[in-house]
Amino acid sequence: MKKQFNTPNIDPKPSTEAFIALQNDNDYLKNTILDIVQGIESEVKESFFVHLVQYLARVLKCSYAFIAEVDHPFVKTIAMYKKGEMIEQFEYNLEDTPCENVVNEKRLCCYQEYVQQLFPLDSDLTKYDIQSYLGIPLLHVDGTVIGILVVMNDQPLHDRSLAETILKIFSFRASAELIRLLEERKLKISEQNLLTLIHTMPDIVVFKDGKGRWIEANNTVLRLFNLDHDTYKGKTNSDFQKTNEFYREMFITCEGTDQEAWEARKPITFEEEIKRPSGASMMVEYTKVPVFDHKGNRQWLIVIGRDITDRKFVQDNLIGQNDILEMIAKGKPIGDILHRIIELVEQQSGAICSILLLEKERLKHCAAPNLPESYIRAIDGVEIGPAVGSCGTAAFYNTKIIVSDIGNDPLWDDYRELAFDHGLRACWSVPITDKKNQVLGTFAMYYKTPHAPQTYEIKLIERAAYLVSLVIERDKAEATIRHMAFHDSLTELPNRKSFQHMLEKAIVDAERNDQIVSVLYLDLDHFKMINDSMGHSLGDVLLQNVSDRLKDMIMTRGVVSRQGGDEFTIMLPNTTRQETEDIAKSILVALTTPFRIQDQDLYISTSIGISMFPLDGSTFETLIKQADIAMYQAKNQGENLYQFYVKENEYPATEHVDLYRKLRKALDNNEFVLVYQPQYDIASKEFIGVEALIRWNHPEKGLISPLQFIPFAEEVGLIVPIGKWVLHEACKQWRLWMDHFGRTFKMSVNLSSRQMYEPDLIELMTQILNETGMDPHYLEIEVTESITMNLDRATMLLSKLKGIGVSISIDDFGTGFSSLAYLKNFPIDRIKIDRTFIKDLSNDISDQNIVKTIIALGINLNLKVIAEGVESEEQLTLLNDYGCHEAQGYFLGLPMSADHIAKLI
């Protein structure tokens, strides 16, 4: 479908300047201009350029002439004349050439001689022995340079005035032709893009001219009506009626609706059923748009059709489908949903329905509330095959089987008597398939008299089978999700959350029955060395082998779990100290046996810490903590050892004890200081807040990064008093700024997961806010995704924080392994994109896609999104382009003292 575009009427004859030149007494000039005009008079586009450079070179007696398109800093020739012949086009850089002056200065430039000496870096001048150069820019109507017209010679230019006059005259026509060429090129690209879009659309799209001839039809139309891609153009509906017998009636109807659209002189919309050769049919909603020219004549008829089969079926045939979808959404039991589907279908069809599920090539009855019990028992477990009634055959061939009369259909030879005994005379069966088209079972409709299906009944049974597939797929997906939620994806062992549930239940049972529960905490010795030296994939295989060996050892005596990394836990319910010790010893021995992986033997050992209920604690957290401490003690004594928890060893390694004492001393001596990193609104570049960050101002070592002491502080519990100090100091400093400057902004403070579960957290927060006088609406608490380990408790705590006016931010977003469900359940105000995704944002497509996804997720959930670790202007620009609201990082401001922040305020 070609479209016209308007360009100014370009007179191929000379311009006003040309007429002035023709009136000049210079006969040679007159003759020269007329010669060129006559030569190019009827030429257009590319041929015009070819003839123009040829005539210019000839009449000006120059060795070279060319016209080129300018795409700064490059020039690409359109027509190039060289010493009597046209040569192949080429591209060159403007830099250090005489053409650069023509383009940059937008004026005619003439170098009558010695041009090589004037432009010594232009190697082409030397290569072609160019002595003289004359160039003029070709301008767009907006004044921009779009091309250049040049003549050059291997001799000095003698008649400069003549050459300049001629180039000025014909530059106007050359500019107009170049504009025309560029516009047509753009139009072709636009047309091609439009055609590509049309052909990839799933909807029916047809363009017809005013006489009803098909000009363009997309691939959907060609496939649907079996039209030949090379021969359909130019044909009318009448032509198709003669050559396409199957769709003849449809094309007759089409012709009538075309006339209706023309007569209405406005778009019309209607619905039509299209029969397919396969026997199926589809409902199409057509819109026909007539287009008239300025004189009111018919120009185009645009036809757009959309498949609305499913929509019509939902509206007309399966009333009550929404009930099914609501039951699926609410997670109702699968049996209840399947019985409801059968109930709906039976109400609308008068049939008796059944659902069979495929298990190991046999069909098992899943739901058939109105089939006789004796019939169900008789066919339950039947093996599928090529002639096993309707259902067995449908499952075997994965295709719909319609038996309208069981009495004379060979598929029922082996089951006809059984069907007749139960009053069944017709049976239609449709396979139930998953997304990969694998058979899950069958949906069947029985009738007590011979009965052939109508179109709506076929749609009904197909839709019912589809709904059943949704139910089954949902049930399988939920089972998978349940498994993933409570199992480690690598080893398939129970994960920490699952282990916690089982241990807490075991503790309750043990307390009731006066029993002992042992917890073993295993850490593989030197696993990191294997992982780093031999690769993570081999390390993963080793972890899988270790988990298999542990499962084989423990079996039914307890539970093996993976905590994460190279750490495993084992629970032994109803045990004794001696049995626990025996198992620990056997594990040490078992894991020293080499693992054969990828044709090599890998040797590994483990350190085991043991805690026991009720001796060492009565909660999951306590028993895990004590076993972990005991494991550190075992490591401190050497490798491949086990250690029961001993209270005196709460801080196991000597260096850990020393660090613990120094941290306590640092708290007492006020050695901790806070620095503040500024945060900015990306769009407005406005300063909006700060994040409070702790540093240890050690009296001997100077400032120590929190990475060197915070993890240990969390491990031994010192993070609670340290966190309390950070919160108090940050709130106090905010109030000082507020009193001095009278300006409010956000103060972000990190809260560890251990602090989150302190029983008096809310009371402590309220007390600090009251003492410091900070407005809670400007305090933001940053928590990590690890708090989702206990979703219910985290939701309750965060809701209480919101209740006192504090806002919530999720820190390090995207690096955790928890469900995104907390974004919906938690009262979150802001999410912070972790710096690991920002670091390579400018170069890494994966990071760009992750960041864009996080930002889109935040925006759709009405959450503010802030990026940390911004270190360059390019990163900031990308974040702004992606719609990120706020940012912080070294590019915007380093963590700084309160006094430096005051200067920003």
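Everything numeric here is computed off the predicted structure, so don't read it as measured data. (Residues numbered from 1 in each chain as written. Predicted model: local features only at pLDDT ≥ 70, side-chain atom pairs only at ≥ 80, totals over all residues. Heavy atoms only, no water.)

**Thoughts on the overall build of the protein**
Piece 1. Scanning the protein for helices and strands turns up 33 helices and 34 strands.
Piece 2. The buried share of the protein, taken over its 905 residues, is 48%.
Piece 3. Within the protein, contacts between residues separated by at least 24 positions form 59% of all contacts whose residues are at least 6 apart in sequence.
Piece 4. For the protein, the exposed area adds up to about 44900 Å²; of that, 50% sits on carbon and sulfur atoms. (Helix = DSSP H or I, 4+ residues; strand = E, 2+ residues; numbered from the N terminus. Buried < 20%, exposed > 50% of the residue type's maximum accessible area, 1.4 Å probe, protein only. Contact = heavy atoms within 4.5 Å. Areas by Shrake-Rupley, 256 points an atom, 1.4 Å probe, with all protein chains shown as cover.)

**Concerning helix 21 (residues 577-592)**
Piece 1. The terminal C-alpha atoms of helix 21, which comprises 16 residues, lie 23 Å apart, in line with the 22 Å expected from a rise of 1.5 Å per residue.
Piece 2. Taken as a whole, helix 21 has its buried residues at Thr 580, Glu 581, Ile 583, Ala 584, Ile 587, Leu 588, Ala 590 and Leu 591. (Expected span 1.5 Å × (residues − 1).)

**Notes on the confidence of the model for the protein**
Piece 1. Here the protein averages 86 in pLDDT, and 89% of its residues register 70 or above.
Piece 2. Within the model, pLDDT remains below 50 along residues 649-654, and this stretch shows 14 contacts once partners closer than five positions in the same chain are excluded. (pLDDT = per-residue confidence, 0-100.)

**Notes on unusual backbone geometry**
Piece 1. Of the consecutive residues His 72 and Pro 73, the connecting peptide bond is found in the cis state with omega at 10°.
Piece 2. Of note, Pro 73 is situated in the loop between strand 1 (64-71) and strand 2 (74-82).
Piece 3. Note that the residue after Phe 613, namely Pro 614, is joined by a cis bond; omega there is 5°.
Piece 4. Tracing the chain through its elements places Pro 614 in the loop between strand 24 (605-613) and helix 22 (620-637).
Piece 5. Here the phi dihedral of Asp 96 falls at roughly 65°; this positive angle occurs in a residue that is not glycine.
Piece 6. Mapped onto the elements of the fold, Asp 96 is located in the loop between strand 4 (91-93) and helix 4 (98-105).
Piece 7. A positive phi angle is found at Asn 398, which is not glycine, with a value near 55°.
Piece 8. Note that Asn 398 resides in the loop between helix 15 (389-397) and strand 16 (401-403).
Piece 9. By relative accessible area, which is 26% here, Asn 398 ends up partly exposed.

**Regarding the pairing of strand 30 (residues 779-784)**
Piece 1. Judged by how many residues are buried, strand 30 sits mostly within the fold: five of six residues are covered.
Piece 2. Note: strand 29 (residues 746-750) against strand 30, four bridges, orientation parallel. Within the sheet, the bridge partner assigned to Val 749 lies in strand 30 and is Ile 781. (Pairing = 2+ DSSP bridges.)

**Digging into the environment of Ala 510**
Piece 1. Structurally, the position occupied by Ala 510 is in helix 18 (residues 496-513).
Piece 2. In this structure Ala 510 comes out as buried when scored by relative accessible area, which is 2%.
Piece 3. Sequence separation between Ala 510 and Phe 613 is 103 residues, and the spatial gap between their C-alpha atoms is 8.3 Å.
Piece 4. Setting aside chain neighbours within four positions, we find Ala 510 in contact with Gln 515, Val 517 and Phe 613.

**Section: the pattern of salt bridges**
If the charged atoms of two oppositely charged side chains come close together, the side chains can form a pair.
Piece 1. Across all of its chains, the model carries 30 salt bridges by this definition.
Piece 2. Notably, a salt bridge pairs Glu 729 with Lys 732, separated by 3.3 Å at the nearest N-O pair. One end of the pair is Glu 729 and the other is Lys 732, both in helix 25 (residues 719-741) and three residues apart, which spans about a single turn. (Salt bridge = Lys/Arg side-chain N within 4 Å of Asp/Glu carboxyl O.)

**Re the nonpolar core**
Piece 1. The biggest cluster of nonpolar side chains holds 77 residues, and the ones touching the most others in it are Phe 672, Met 747, Leu 779 and Leu 879.
Piece 2. With nine residues, the single largest contributor to this core is helix 25.
Piece 3. What Leu 779 contacts, discounting residues up to four positions off in sequence, is Leu 727, Cys 731, Met 747, Val 749, Met 765, Leu 769, Met 774, Val 806 and Ser 807.
Piece 4. Counting residues in hydrophobic clusters, the runner-up holds 34 residues, among them Leu 56, Ala 57, Ile 67 and Ile 169. (Core = buried A, V, L, I, M, F, W, Y, C linked by side-chain atoms within 4.5 Å.)

**Concerning the environment of Leu 108**
Piece 1. You can see Leu 108 is positioned in the loop between helix 4 and strand 5 (109-111).
Piece 2. For Leu 108, a relative accessible area of 16% corresponds to the buried category.
Piece 3. Beyond its immediate chain neighbours, meaning those up to four positions away, Leu 108 contacts Leu 134, Gly 135, Ile 136, Pro 137, Glu 164, Leu 167 and Lys 168.

**Thoughts on helix 27 (residues 761-772)**
Since there are 3.6 residues in each turn of an α-helix, residues three or four apart along the chain are aligned in direction.
Piece 1. Helix length check: helix 27 (12 residues) gives 17 Å between terminal C-alpha atoms against 16 Å at 1.5 Å per residue, within 8%.
Piece 2. Those residues of helix 27 not exposed but buried are Leu 761, Ile 762, Leu 764, Met 765, Ile 768, Leu 769 and Thr 772. Buried positions in helix 27, seen along its axis, are confined to an arc of 165° and lie on one side of it. Summarising the geometry of helix 27, the exposed residues directed more than 90 degrees from the buried face are Glu 763 and Asn 770.
Piece 3. In the stretch just after helix 27, Gly 773 is the one whose phi turns positive, near 80°. (Arc of directions from axis to C-beta.)

**Section: the sheet that holds strand 16**
Piece 1. Strand order across the open sheet formed by six strands is 15-14-13-18-17-16, with antiparallel pairing between neighbours. Each edge of the sheet is formed by a strand with only one pairing partner; in this case those strands are strand 15 (382-383) and strand 16.
Piece 2. Sitting on the sheet, helix 13 (residues 334-349) is in contact with strand 13 (352-359), strand 14 (362-367) and strand 18 (439-447), with an inclination near 140° to strand 13. (Axes fitted to C-alpha atoms, helices over the stretch in contact; angles between N-to-C directions.)

**Observations concerning the packing of aromatic side chains**
Piece 1. One pass over the full model with this rule turns up 28 aromatic pairs.
Piece 2. Ring geometry for Phe 66 and Tyr 92: centres 6.4 Å apart, planes at 90°, overall edge-to-face. Of this pair, Phe 66 sits in strand 1 while Tyr 92 sits in strand 4, and the two are 26 residues apart along the sequence. Across this residue pair, the class does not change: Phe 66 and Tyr 92 are buried.
Piece 3. On the basis of an interplanar angle of 40° and a centroid distance of 6.0 Å, the ring pair of Tyr 111 and Tyr 133 is categorised as tilted. Of this pair, Tyr 111 sits in strand 5 while Tyr 133 is found in strand 6 (residues 132-139), placing the two residues 22 residues apart along the sequence. There is no split in this pair, since Tyr 111 and Tyr 133 are both buried.
Piece 4. Three or more aromatic residues link up through ring pairs in this structure, and these residues are Trp 214, Phe 225, Tyr 232, Phe 240, Phe 246, Tyr 247 and Phe 251. (Phe/Tyr/Trp six-rings, centres within 6.5 Å; stacked < 30°, edge-to-face > 60°.)

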